[in-house]
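Summary of the model geometry
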Amino acid sequence: MKNFTILTDYHRGSYEIIGNLFQNILKKIGEVEQLPTPIDTKERINVSQSAHGGIVFHNTLGDQFIPIKDCYNIAMPLHEWSEYPKNWIKLLNNFDEVWTTTDHILEVLKRGGLNVPIFKLPPALDFENTLEKHNWNFSEKPKFYFVGEPHFRKGHHLLIQGFMRAFPKSGEASLTIKTSPSCEWESPRNDIILVKEKWPRERLLSEYYKHDCFISASLAEGLGLPIAEAVMSGLPVCTNFWGGHKSLLSQGGFVEIKHEEIIQPFTSNPAFYAEGQKCAYSSPANIGDAFLQFIKTTESDRKQMANIAKQHFLQNFSSEITQVNISKRLKEINSIDA
């Protein structure tokens with residue numbers, strides 16, 4: 001088996017996690033090294049020399065998708081919106097093949113004009129140690145939880161308004177939002193708790209089970225790692241059924257927040273934009289209704305939801321399944337090069 005090199009955007013938190021998860025699988029198959037994504041020609045030459053003839057995985061974004069000379073290059077794009085920028089598609093078409101984590105990304109890339117082989121081959125999302133929930137009784141006051149960077153796409157503004165709509169009197173429930181130290185805004189009420197800290201993975205994964213529900217009003221997710229983490233912890237989920245969530249969740253395994261598919265009107269970087277991009281917009285009214293729908297569930301309902309969600313999840317993202325699928329594809333690549 002050839003050697004593997006993963007080139008990862010370490011400055012993007014979720015990309016680092018994905019890179020580590022792929023590394024955990026690949027090191028069971030062969031020798032693997034994970035490096036920062038090269039930023040110039042000199043660094044790409046260095047990677048070409050060290051990885052010569054091997055398989056290079058590109059865990060990056062946008063215009064950093066540049067193949068490494070004399071290697072078999074696999075692009076691993078993550079994308080949230082419904083359309084992928086055309087100039088990025090051109091870059092991906094220079095690769096030997098593309099791997100995606102969800103059906104959403106696969107469909108977006110195909111629709112965008114990708115003409116190299118593409119495979120849905122996610123890493124194992126159950127690899128890390130996640131503390132599991134064993135009691136689905138409500139806390140004295142229902143405790144809702146969300147994890148996400150302070151970016152408009154995560155829908156914090158909608159989630160907060162929906163929470164206050166469902167619970168107009170402060171103290172009826174609590175909403176904890178775990179975000180990053182870069183967050184510059186403040187909570188409007190004492191029962192909306194902002195945690196602006198950088199936690200080690202172990203700390204983050206040990207927090208989910210302490211709550212009653214993980215709720216997300218995110219406008220778009222290519223995958224949705226926090227949803228996966230919540231499911232693995234046995235924490236019931238409340239979110240929309242769009243984008244990457246459609247691969248992570250199944251009907252009956254979560255409380256659905258109703259949404260409209262609308263034109264995505266704003267982007268933090270013009271390079272990320274593609275004409276016709278759409279997202280899943282949930283109004284504060286619909287989010288508020290979902291909060292209230294969840295608190296009407298019984299302990300048995302919540303346990304059943306969590307079990308259904310986890311069973312579906314493991315059928316697609318477990319170590320056993322992903323290891324088999326990735327190993328099979330790598331053997332096929334080796335037979336091509338033989």
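A short tour of the structure in this document, coming up. (Residues numbered from 1 in each chain as written. Predicted model: local features only at pLDDT ≥ 70, side-chain atom pairs only at ≥ 80, totals over all residues. Heavy atoms only, no water.)

Examining the sheet that holds strand β3 (residues 55–59)
Heads up, the rule is: Two strands are said to pair when DSSP picks up at least two bridges between them. The numbering of helices and of strands both runs from the N terminus, where a helix is a DSSP run of H or I of at least 4 residues and a strand a run of E of at least 2. Convention adopted: a line fitted to C-alpha atoms gives each axis, helices being fitted over their contacting stretch, and angles between N-to-C directions are expressed from 0 to 180 degrees. Only heavy atoms matter for contacts: two residues are in contact if any of them lie within 4.5 Å across the pair.
The parallel open sheet is built from 6 strands, whose spatial order is β2-β1-β3-β4-β5-β6. Each having just a single partner strand, β2 (32–36) and β6 (118–120) make up the two edges of the open sheet. Averaged over all neighbouring strand pairs, the angle between strand axes comes to 25°, with direction disregarded. Where helix α1 (residues 13–26) meets the sheet, its contacts fall on β1 (4–8), β2, β3 and β5 (97–100), and the angle it forms with β1 comes to roughly 170°.

Let's talk about the sheet that holds strand β11 (residues 237–239)
What the 6 strands build is an open sheet, ordered β9-β8-β7-β10-β11-β12; its pairing is parallel. Two strands close off the open sheet at either side, each with one partner strand: β9 (192–196) and β12 (255–256). Relative to β9, strand β8 (residues 174–179) runs parallel, the two sharing 5 bridges. By the bridge assignment for β9, Thr176 is matched with Ile193. Where helix α5 (residues 156–166) meets the sheet, its contacts fall on β7 (143–147), β8, β9 and β10 (213–215), and the angle it forms with β8 comes to roughly 170°. This element, helix α7 (residues 225–233), spans β7, β10 and β11 of the sheet and lies at about 155° to β11.

Observations concerning the packing of α5 against helix α9 (residues 284–295)
Filter applied, for reference: Roughly parallel means an angle under 35 degrees; roughly antiparallel means over 145; roughly perpendicular covers 65 to 115; every other angle is labelled oblique. Handedness of each helix crossing follows the sense of rotation of the near helix against the far helix: counterclockwise by less than a right angle gives left-handed, clockwise gives right-handed. Lys, Arg, Asp and Glu make up the charged group, whereas Ala, Val, Leu, Ile, Met, Phe, Trp, Tyr, Cys and Pro make up the nonpolar group; the residues left over, Gly among them, are polar.
Packing of α5 against α9 brings their axes to within 7 Å, and their N-to-C directions diverge by 55°. Comparing the axis directions of α5 and α9 gives the class oblique. For the element pair α5 and α9, the recorded crossing hand is right-handed. In this structure, α5 contributes Leu158, Leu159, Gln161, Gly162, Phe163, Arg165 and Ala166 to the contact, and α9 contributes Pro284, Ala285, Ile287, Gly288, Phe291 and Leu292. In terms of residue class, the contact of α5 with α9 is built from 9 nonpolar, 3 polar and 1 charged.

Quick word on empty space enclosed by the protein
Keep this limit in mind: Buried and open spaces are told apart on a 1 Å grid over the protein atoms alone, a cavity being a set of points where a 1.4 Å probe fits but cannot get out and a pocket being an open set with protein on both sides within 12 Å along at least five of seven lines. Residues with an atom within 4 Å of a point are the lining residues. Grid points are joined across faces, edges and corners, and a volume is the space filled by probe spheres set on the points.
Evaluated as defined, the whole model comprises 4 cavities of 30 Å³ or more. Put simply, the largest cavity is a space of about 70 Å³. The set of elements that each furnish at least two residues to the lining of the largest cavity consists of α6 (201–205) and α7. Sorting elements by how many residues they give to the lining of the largest cavity places α7 first, with 4 residues. By residue class, the composition of the lining of the largest cavity is 6 nonpolar, 1 polar and 3 charged.

Observations regarding the pairing of β8
Heads up, the rule is: Summary of the burial criterion: residues with accessible area below 20% of their type's maximum are buried, those above 50% are exposed, and those between are partly exposed, where the area comes from a 1.4 Å probe applied to protein chains only. Seen with its strands pointing away from the viewer, a crossover is right-handed when the path leading from the first strand over the helix to the second is clockwise.
With 6 of its 6 residues buried, β8 lies for the most part within the structure. Residues Ser174, Thr176 and Lys178 point to one face of β8 and Leu175, Ile177 and Thr179 to the other, with burial holding for every one of them. In this structure, β7 lies alongside β8, joined through 5 bridges in parallel fashion. Pairing of Tyr145 across the sheet is with Thr176, part of β8. The β-α-β motif built from β7, the intervening α5 and the parallel element β8 has right-handed crossover chirality.

Observations regarding the environment of Val237
Turning to its location among the elements, Val237 is positioned in strand β11. Exposure remark for Val237: the relative accessible area of 1% places this residue in the buried category. Taking the C-alpha atoms as reference, Val237 lies 7.8 Å from Gly253; in sequence the two are 16 residues apart. In contact with Val237, not counting residues within four places along its chain, are Cys213, Phe214, Ile227, Ala230, Val231, Leu249, Phe254 and Val255.

Quick look at the side chain of Glu207
With respect to the helices, strands and loops of the structure, Glu207 is situated in the loop between α6 and β10. On the basis of relative accessibility, which here comes to 12%, the residue Glu207 falls in the buried class. Not counting chain neighbours up to four residues away, the residues in contact with Glu207 comprise Tyr145 and Trp199.

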